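Observations on chain architecture
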Amino acid sequence: MKKLTHGEFWHGLRTQTPIYMESQGVNHAIFLAVRDSTTKAMRHRWMKLDVEATAASEANSCKIEVARIDIMPKDSASNS
């Protein structure tokens, strides 16, 4: 799990997750991305997650899926 704005975000997906998987003896993991910004760069990261997870999976002969949680403030339903 990493916040989208974390400076080592891609390292978490590409490197740390496969290392954790190997140490736990698993070949399937879910990388949880937490959206905490809507800047242009963060929107690009958000959209690129599946492609990067596929590349990391192929490079490490494993299966890394992506789950997303968006924690950006939303308008109240009563204000809509």
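Structure report, in brief.

1. A closer look at the overall build of the chain
Across its full length, the chain holds two helices and three strands. Along the chain, helices (α) and strands (β) appear in the sequence β-α-β-α-β when read from the amino end. By its C-alpha atoms, the chain is 50 × 25 × 20 Å across when sized along the principal axes. In the chain, buried positions account for 32% of the 80 residues. Partitioning the intrachain contacts of the chain with sequence separation of at least 6 by distance along the chain shows that 70% fall at a separation of at least 24.

2. Brief notes about the sheet that holds strand 3 (residues 63–70)
Taken together, the three strands give an open sheet; going across it, the order is 1-2-3, and neighbouring strands pair in parallel fashion. Each of the sheet's edge strands pairs with one partner strand only, and the pair in question is strand 1 (2–3) and strand 3. Bridge count between strand 2 (residues 28–35) and strand 3: eight bridges; the pairing is parallel. Counterpart to Ala29 in the pairing with strand 3 is Ile64. Relative to strand 2, helix 1 (residues 9–24) is tilted by about 155°, and along the sheet it contacts strand 1, strand 2 and strand 3. Strands strand 2 and strand 3 of the sheet are contacted by helix 2 (residues 40–60), whose axis makes an angle of about 165° with strand 3.

3. A short note on the packing of helix 1 against helix 2
Between helix 1 and helix 2, the least distance of the axes is 10 Å, while the angle of their chain directions is 25°. The orientation of helix 1 with respect to helix 2, classified from their angle, is roughly parallel. The chirality of how helix 1 crosses helix 2 is right-handed. Where helix 1 approaches helix 2, its residues Phe9, Trp10, Leu13, Arg14 and Pro18 are matched on the opposing element by Arg45, Lys48, Leu49, Glu52, Ala53, Ala56 and Asn60. Class assignment of the residues belonging to the contact of helix 1 with helix 2 gives a composition of seven nonpolar, one polar and four charged.

The rules we used
Residues numbered from 1 in each chain as written. Predicted model: local features only at pLDDT ≥ 70, side-chain atom pairs only at ≥ 80, totals over all residues. Heavy atoms only, no water. Helix = DSSP H or I, 4+ residues; strand = E, 2+ residues; numbered from the N terminus. Buried < 20%, exposed > 50% of the residue type's maximum accessible area, 1.4 Å probe, protein only. Contact = heavy atoms within 4.5 Å. Pairing = 2+ DSSP bridges. Axes fitted to C-alpha atoms, helices over the stretch in contact; angles between N-to-C directions. Parallel < 35°, antiparallel > 145°, perpendicular 65-115°, else oblique. Left-handed = near helix turned anticlockwise from the far one by under 90°. Nonpolar A, V, L, I, M, F, W, Y, C, P; charged D, E, K, R; others polar.

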